Amino acid sequence: MYGEDISALFVVRASSDTDVLKAETDTKDNSTVMGITLEGKLSGNSGSVLLFGKLEDVSFTFPVNADLYLGSGGVITSTAPTLPGDTYSTQIGHSLGTG
């Protein structure tokens, strides 16, 4: 179940045995990635989370062969986090190209 409003294609972490929240880069616990949301849902609703495997979406424009990371606010980024407060850099995958 989503523990907060979360859009599709956000990196999430487990916040309990049944809930997920957006992953963050600020602490070890918050940056322990569980998966990526496949659909947006409001808090309190169940949704699909990809735990492992290949993920394709037309909005992806990552460079081919780029490492992918957890970004601030649970976004997927091809740049390792370096902003103040970004204590943990978590690699979540590898880009196979656009789409």
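Reading guide: rules and limits
Per chain, residue numbering runs from 1 following the sequence as it is written. For a predicted model such as this one, the threshold for reporting local features is a pLDDT of at least 70, and the threshold for listing and counting side-chain atom pairs is 80 or more; totals across whole chains, interfaces and linings nevertheless cover every residue. Think of the side-chain values as coming from all heavy atoms in the structure, minus any hydrogens and water. The way it works is that DSSP assigns letters per residue, a run of H or I at least four long becomes a helix, a run of E at least two long becomes a strand, and they are numbered from the N terminus. Only protein chains enter the calculation, and the probe is 1.4 Å; a residue is then buried if its accessible area is under 20% of its type maximum, exposed if over 50%, and partly exposed in between. Two residues qualify as a contact provided that any one of their heavy atoms is within 4.5 Å of a heavy atom in the partner residue. Note that accessible areas follow from Shrake-Rupley with a 1.4 Å probe, and for residues the cover is restricted to the protein chains shown. Neither His nor the chain ends is counted toward charge; the positive residues are Lys and Arg and the negative residues Asp and Glu. Working definition for charges: the position is that of NZ of Lys, CZ of Arg, CG of Asp or CD of Glu. Strands qualify as paired when DSSP identifies two bridges or more between them.

A short note on the overall build of the protein
Along the backbone of the protein there are 0 helices and 7 strands. In sequence order, the secondary structure elements of the protein are arranged as β-β-β-β-β-β-β. The burial tally for the protein puts 32% of its 99 residues in the buried class. When contacts within the protein are restricted to residue pairs at least 6 apart in sequence, long-range pairs at least 24 apart make up 53% of them. By element, 51% of the accessible surface of the protein is carried by carbon and sulfur atoms, the whole surface being about 5,800 Å². Of the side-chain charges in the protein, 5 are positive and 12 negative, and the distance between the mean point of each set is 3 Å.

Some thoughts on the sheet that holds strand β1 (residues 11–14)
What the 4 strands build is an open sheet, ordered β2-β1-β3-β4; its pairing is antiparallel. Each edge of the sheet is formed by a strand with only one pairing partner; in this case those strands are β2 (20–22) and β4 (49–50). In the sheet, strand β3 (residues 35–37) pairs with β4 via 2 bridges, with the strands oriented antiparallel. Pairing of Ile36 across the sheet is with Leu50, part of β4.

Functional significance is not addressed by these values, which are geometric in nature.
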